[in-house]
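Notes for the structure review
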Amino acid sequence: MKTTSINKIKNNSSSKISLDSIKTIFQALITVLVIVVISTLVNVSIHLDYVYLNSSVGEISITENLQLVMLAISSWCFLSIYLKNENVSHAAILISGFFFVMIIREMDFLFDMIHHGFWVFPALSVAVLSCFKACKGGKNTVNEMACILQIPHMKLLMVAVVLLLVYSRLYGMGSFWHSVMGVHYVRDVKNISEESMELLCYCLIAMSSVRVRHTLKSKG
């Protein structure tokens, strides 16, 4: 979409409102609305788990299930790009595989029924398969990845991934919370704070993934 020139606006103060300006403002409002919905969803899920269902944020809680849903959406978006957009297919399958590995990691409690730590094997299988398919693109895979990273929505996706994998992990360290609360330490307080933050990150990742898919789809 063409951007409105600031100099052009200054030189044409009496000009009519352009269609591009209306579209830009409308898209910004849509983004704000989506963020409001996401923020509300995260708070509602936590309230449902603790206030109404009287349960902790365990492996089968609403919050945890929503995290899996958001990861599934993200992985599917890039899988869809892999299947429908040959220009960036090798890079797309690599990103899709990354999110699928995260799904497996989040579902480790199911794989623990087979053997503790068994989730590592299916996760490694997905990772190897994704890397194998990505490597089939050769050096062009790097160009494909650069093409995807040029999409503006990828910036928010990368920020959300870093917040999820770095900040939330450091923030949720038990030693930190023990130091903060001392003898008044309550694990549920830590879980509420950590899991709500993780869900927020997952939602932002899913939103960005959907928009990246839409952008590439519109480009044909």
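Everything that follows concerns the structure shown earlier in this document.
Residues numbered from 1 in each chain as written. Predicted model: local features only at pLDDT ≥ 70, side-chain atom pairs only at ≥ 80, totals over all residues. Heavy atoms only, no water.

On to the overall build of the chain. From N to C terminus, the chain includes ten helices and zero strands. Along its sequence from the N terminus, the chain presents helices and strands in the succession α-α-α-α-α-α-α-α-α-α. Across its three principal axes, the chain shows a C-alpha extent of roughly 65 × 45 × 30 Å. The burial tally for the chain puts 35% of its 220 residues in the buried class. Within the chain, contacts between residues separated by at least 24 positions form 71% of all contacts whose residues are at least 6 apart in sequence. A total of about 13600 Å² of accessible surface is found on the chain, and carbon and sulfur atoms cover 68% of it. Across the chain, the centroid of the 18 positively charged side chains sits 19 Å from that of the 13 negatively charged ones. (Helix = DSSP H or I, 4+ residues; strand = E, 2+ residues; numbered from the N terminus. Buried < 20%, exposed > 50% of the residue type's maximum accessible area, 1.4 Å probe, protein only. Contact = heavy atoms within 4.5 Å. Areas by Shrake-Rupley, 256 points an atom, 1.4 Å probe, with all protein chains shown as cover. Lys, Arg positive; Asp, Glu negative; His and termini not counted. Charge placed at Lys NZ, Arg CZ, Asp CG, Glu CD.)

The next subject is the pattern of salt bridges. Counted by the stated rule, this structure contains three salt bridges. In this structure, Arg169 engages Glu198 in a salt bridge whose closest nitrogen and oxygen atoms are separated by 2.8 Å. One end of the pair, Arg169, is in helix H8 (residues 153–171); the other, Glu198, is in helix H10 (residues 187–219), and 29 residues separate them in sequence. According to the relative accessible area criterion, Arg169 is partly exposed, its value standing at 34%. Taking relative accessible area as the criterion, Glu198 reaches 5% and is therefore assigned buried. (Salt bridge = Lys/Arg side-chain N within 4 Å of Asp/Glu carboxyl O.)

Right, let's get into the packing of aromatic side chains. One pass over the structure, following the stated rule, counts seven aromatic pairs. Taking the centre distance of 5.5 Å and the plane angle of 50° together, the rings of Phe118 and Phe121 count as tilted. Of the residues examined, Phe118 reaches a relative accessible area of 28% and is grouped as partly exposed. Take Phe121: its relative accessible area is 52%, and that puts it in the exposed class. Between Tyr167 and Tyr171, the aromatic rings sit 5.7 Å apart at their centres with planes inclined by 15°, giving stacked as the arrangement. Taken together, the positions of Tyr167 and Tyr171, both in helix H8 and four residues apart, correspond to about one turn of that helix. (Phe/Tyr/Trp six-rings, centres within 6.5 Å; stacked < 30°, edge-to-face > 60°.)

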